[in-house]
Amino acid sequence: MAHETNDVARRNRNNSWWKRRTSLEKKGVILLVIALILLIALIIALAVVAHRKSKSEEICNTAGCVRAASKIINTMNARLDPCTDFYEFACGNFIRDTVIPDDRMEISPFTEAGNMLEQQLRALYSAPITADDIRPFVLLKTFYQSCMNNSAIEVNGLLHLRELVNKLGGFPIVENVNWNENAFDWQQAAYKLRRNGLNYNKFIKLDILPDMKNSSRICIYLDQPELDLGKDNLALGAEDGTVEAYTELLVDLAVLWGADKAFAKYEVKNLIEFMQTVANASQSDEERRDRASLYNPMTISELQQKYPTIYWLEYLNNILILPQSHVTSKTQVSVHSPHFISVIDDILRRTSKRVLANYIIFDVIRSFEMFVPDEIRNRELQFEGVLTGAEQREPRWSQCVAKTTASFDLASSSIFVRKHFDPESKKSVGIMVDDIRNEFIEILRKTEWMDSTTKQTAIDKAKAIKSYIGYADELLDNKKLGDHYATLTLVPGSSIDHVRNISIFDRDLEIDLLSKKFDPGDWRTRYAATEVNAAYAGYENSIQIPAAILQNVFYSKDRLQALNYGGIGYFIGHEITHGFDDQGRKLNVNGNLEDWWAKDTNDAFLDKAKCIIEQYSNYTDPEVNVPINGELTQGENIADNGGIKEAYLAYNAWVKRNGPEQKLPGLKYTPKQLFWISVANCWCTKTRKEYLASSIPLDEHSPARFRILGPLSNFEDFSRDFNCPLGSRMNPPHKCKVW
């Protein structure tokens, strides 16, 4: 009862306090409470706005970022687990939705960039010739116009080619018993081919290249020839589908030229047997990866003593022709393939002259496939379809753009960059090169398996790598460009004559270098600006990043740097690492062949390279069930693994200097994750199965899928950025690392 009385008293006191307040005081209290509530609401509202503003500032909404985000969204399959198959995760929608045109063998970022380049060049080449055009551009446009004159080719193309074949001594498979065998000699045939601007390297390949141990001078190299078919294909003979299709092609071409089919089959059978003999005497691509074994210098006098069955002084001077490049018995040459050179003359002596003549004439007529009537071209297309799966030829304009660009590499580069390249890109990409090179040097410094002397030599070589970005400035110099083409003329006539004149012009320029001190940095030796590719030039220790690759998914100045370092940055690192792969590491700071590796360090490198070889040899392409050749592809695989790592570290260094980047609209991924997605997007490729199956055994590059799965599964940084558990496919316990 007392407890109840106390509660009542307390309530009465509280009520009495409020009742004792005046009306004004009560209003003041109410207003104070309302103000407090409003203040709290305002604080909450400001916090929400600030949070939303902060979130919006994390998103890059520039036009470049929006385009990049759209491209990534349309390309990737975000429903897949990135830790299971990152290639399918990053490229799945592209692979699913892309339809390969009937005239193409594959679609990739490289072909997309190439298509854009083709259209740009087409507009430049097809523009009318004006009085303002410098002479090299007039030559280029003249060639393109001639190439596009398809009606003249249908009427006269075969006639011009027949005249050329007769000039070379005739076509035994067509002329049958009427062919004069006594008039044929393989060396004289090679001389005729050289004088007529044709391929004279069908029996013995003669190259004019920088001396492997002194790149300031040009050397003559004697080597095994390149064959139309792979060594492994020829080893299988008629059982090989490619050999069978090639045999049928030659028979049909001979018949189209007027041969009896039964006789043509007999002649082609003998020709295939000759090719098999040449292939058996040749080194494999894997064997030729050892640079040192390819360098066998000697004077022509010593060459004559070692390989006496060919009169080398006469042979070389008739191939070289130019008076200022006349060679003597004291001239030094190098034999790339000693065994082949030792047996080729015996092979040629034992082979019917008919076979040898058919061999070179088939090469001549097939080399002008673009300039003969459609009946013959359609048969070539059938053969290409076996190799690539393509069912149609590319449009005539596309083929003529490619042929013109290849024939006028400097003029086409010049006309392209004057119209379509932003010079600011040179500066931006140059900064990336410095960043990536610095990270590679830091990797070298931290490498524990190298001895100190070898490590320092490697660092010095990395520091000395020259970079050529975009194009050579000389391409904008009208006088220098004009001087280069001063001796080339294109008289009115057939495209076949134009091609031959250009071939003679190019070869004469090469041979002329024999009489001069060679400048490895000569602007005319650079990669063409129209190449959608990049390169490491070992002979001068340089990387080359042409203008044409600085576009598409590879580079844009208007998007995140994460994407640029994952795009062109990856390729920059790839090319730098080529200077330290299984072949490039054998060249010194000046690009000369030198063994500068201590034995223990060399053994350690070979052990690490073996890991890469075995890793990729365990891959089999799932589309065509063809295994990867880890030995053949090791150089490219080492470069991929090193290049991606260097680009990633360089991007992190960029972030430290410039601060973190924003995200892309519509994507939840961090900039670091976007780096890896950008790397993968470089290789999103849809390929015809026929082309994939025929190219894997011969290509030094792994298929696109494994250029992502292989390197990324070796990187702990990738697994950390995507939270891939140890033991998942993209984060295996055992990883390979050279650099």
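Residues numbered from 1 in each chain as written. Predicted model: local features only at pLDDT ≥ 70, side-chain atom pairs only at ≥ 80, totals over all residues. Heavy atoms only, no water.

- Identification of the protein chain as Peptidase M13 N-terminal domain-containing protein from Photinus pyralis is taken from an unreviewed UniProt entry.
- Taken directly from UniProt, the Cofactor (unreviewed entry) text for the protein chain runs: "Zn(2+)".
- In its Subcellular location (unreviewed entry) section, the UniProt record describing the protein chain reads: "Cell membrane". (UniProt positions renumbered as here; feature names shortened; annotations may be inferred.)

### A word on empty space enclosed by the protein
Line of reasoning, step 1. Taken as a whole, this structure holds three cavities of 30 Å³ or more when the rule is applied.
Line of reasoning, step 2. Here the largest cavity defines a volume of roughly 50 Å³.
Line of reasoning, step 3. Lys71, Thr75, Phe94, Ser108, Pro109, Glu112, Val553, Asn681 and Cys684 are the residues that line the largest cavity.
Line of reasoning, step 4. For the lining of the largest cavity, the secondary-structure elements that each account for two or more residues are α3 (63–75) and α5 (109–126).
Line of reasoning, step 5. In this structure, the second largest cavity occupies an estimated 40 Å³ of space.
Line of reasoning, step 6. Looking at the second largest cavity, the residues that line it are Asp228, Tyr246, Leu271, Tyr359, Phe362, Asp363 and Arg366.
Line of reasoning, step 7. In terms of residues, the lining of the second largest cavity owes the most to one element, helix α17 (residues 353–367), which gives four residues.
Line of reasoning, step 8. Grouping the constituent residues of the lining of the second largest cavity by class yields four nonpolar, no polar and three charged. (1 Å grid on protein atoms, 1.4 Å probe; cavity = no way out; pocket = protein on both sides within 12 Å on 5 of 7 lines; lining within 4 Å. Points joined across faces, edges and corners; volume = space filled by probe spheres on them. Helix = DSSP H or I, 4+ residues; strand = E, 2+ residues; numbered from the N terminus. Nonpolar A, V, L, I, M, F, W, Y, C, P; charged D, E, K, R; others polar.)

### Examining the pairing of strand β3 (residues 214–223)
Line of reasoning, step 1. Across the ten residues of β3, seven count as buried, placing the element largely inside the fold.
Line of reasoning, step 2. Here seven bridges tie strand β2 (residues 205–211) to β3, and the two strands are oriented antiparallel to one another. Opposite Lys205, over in β3, you have Asp223 as the bridge partner.
Line of reasoning, step 3. Alignment of β3 against strand β5 (residues 332–335), held across three bridges, turns out to be parallel. Looking at β5, one finds that Tyr221 is bridged to Ser334. (Buried < 20%, exposed > 50% of the residue type's maximum accessible area, 1.4 Å probe, protein only. Pairing = 2+ DSSP bridges.)

### Things to note about the pattern of salt bridges
Line of reasoning, step 1. In this structure the tally under the stated criterion is 42 salt bridges.
Line of reasoning, step 2. Measuring nitrogen to oxygen at the nearest pair gives 2.5 Å for the salt bridge that ties Asp223 to Arg288. Of the two residues, Asp223 sits in strand β3 while Arg288 sits in the loop between α12 (261–281) and α13 (291–294), which places them 65 residues apart along the sequence. The burial state of Asp223 is the same as that of Arg288; both residues are buried.
Line of reasoning, step 3. With a closest N to O distance of 3.0 Å, Lys426 and Asp473 form a salt bridge. Note that Lys426 is positioned in helix α21 (residues 424–446) and Asp473 in the loop between β6 (466–470) and α23 (478–484), a separation of 47 residues in sequence.
Line of reasoning, step 4. The class of Lys426 is partly exposed, set by a relative accessible area of 21%. (Salt bridge = Lys/Arg side-chain N within 4 Å of Asp/Glu carboxyl O.)

### Some details on the packing of aromatic side chains
Each aromatic ring pair is described using two quantities: the centre-to-centre distance and the angle formed by the ring planes.
Line of reasoning, step 1. Scanning all chains against the criterion turns up 47 aromatic pairs.
Line of reasoning, step 2. Aromatic side chains Trp312 and Tyr315 sit 6.0 Å apart centroid to centroid with 90° between the ring planes, which places their arrangement in the edge-to-face category. One end of the pair is Trp312 and the other is Tyr315, both in helix α15 (residues 312–320) and three residues apart, which spans about a single turn. Each member of the pair Trp312 and Tyr315 is classed as buried.
Line of reasoning, step 3. With a centroid separation of 4.8 Å and 25° between ring planes, the pair formed by Tyr619 and Phe706 is classed as stacked. (Phe/Tyr/Trp six-rings, centres within 6.5 Å; stacked < 30°, edge-to-face > 60°.)

### Notes on the sheet that holds strand β7 (residues 535–537)
Line of reasoning, step 1. Reading across the sheet, the three strands line up as β6-β8-β7 and stay open at both edges, with mixed pairing between neighbours. Each edge of the open sheet is held by one strand with a lone partner, namely β6 and β7. When strand polarity is set aside, the average angle formed by the axes of neighbouring strands in this sheet is 20°.
Line of reasoning, step 2. Pairing between β7 and strand β8 (residues 542–546): three bridges, direction antiparallel. The partner of Tyr536 across the bridge, within β8, is Ile543. (Axes fitted to C-alpha atoms, helices over the stretch in contact; angles between N-to-C directions.)

### Let's talk about the UniProt feature "domain: Peptidase M13 C-terminal" (unreviewed entry) in the protein chain
Line of reasoning, step 1. When the UniProt feature table is mapped onto this chain numbering, "domain: Peptidase M13 C-terminal" (unreviewed entry) sits at residues 533–738.
Line of reasoning, step 2. End C-alpha to end C-alpha, residues 533–738 measures 24 Å, and it is 45% helix and 7% strand.

### Quick notes on the side chain of Lys202
Line of reasoning, step 1. Locating Lys202 in the fold gives a position in the loop between α9 (186–195) and β2.
Line of reasoning, step 2. When sequence neighbours within four positions are dropped, the list of residues in contact with Lys202 reads Pro225, Glu226, Asp228, Tyr359, Ile360 and Asp363. (Contact = heavy atoms within 4.5 Å.)

### Quick word on unusual backbone geometry
What you tend to see is this: most non-glycine residues have negative phi, and most peptide bonds are trans.
Line of reasoning, step 1. Even without being a glycine, Asn552 presents a positive backbone phi close to 60°.
Line of reasoning, step 2. Relative to the helices and strands, Asn552 is located in the loop between β8 and α25 (561–566).
Line of reasoning, step 3. Under the relative-accessibility criterion, Asn552 is labelled partly exposed at 24%.
Line of reasoning, step 4. Positive phi, close to 60°, is recorded for Asn625, a residue that is not glycine.

### Focus on the domain arrangement of the protein chain
Line of reasoning, step 1. Examined at the domain level, the protein chain breaks down into domain 1 (57–97 + 434–464 + 560–738) and domain 2 (128–399).
Line of reasoning, step 2. Relative to domain 2, the C-alpha centre of domain 1 lies at a distance of 37 Å.
Line of reasoning, step 3. Listed by partner, the interface residues are 20 residues for domain 1 and 20 residues for domain 2.
Line of reasoning, step 4. Here domain 1 is connected to domain 2 by three salt bridges.
Line of reasoning, step 5. The closest approach of N and O atoms between Arg289 and Glu700, which form a salt bridge, is 3.9 Å. (Domains from an automatic or database assignment.)

### Some remarks on the environment of Leu164
Line of reasoning, step 1. Position of Leu164 relative to the elements: it lies in helix α7 (residues 150–167).
Line of reasoning, step 2. Residues Leu164 and Ile496, spaced 332 residues apart in sequence, show a C-alpha to C-alpha distance of 9.4 Å.
Line of reasoning, step 3. Setting aside chain neighbours within four positions, we find Leu164 in contact with Asn196, Leu198, Val364, Phe368, Ile496 and Arg500.

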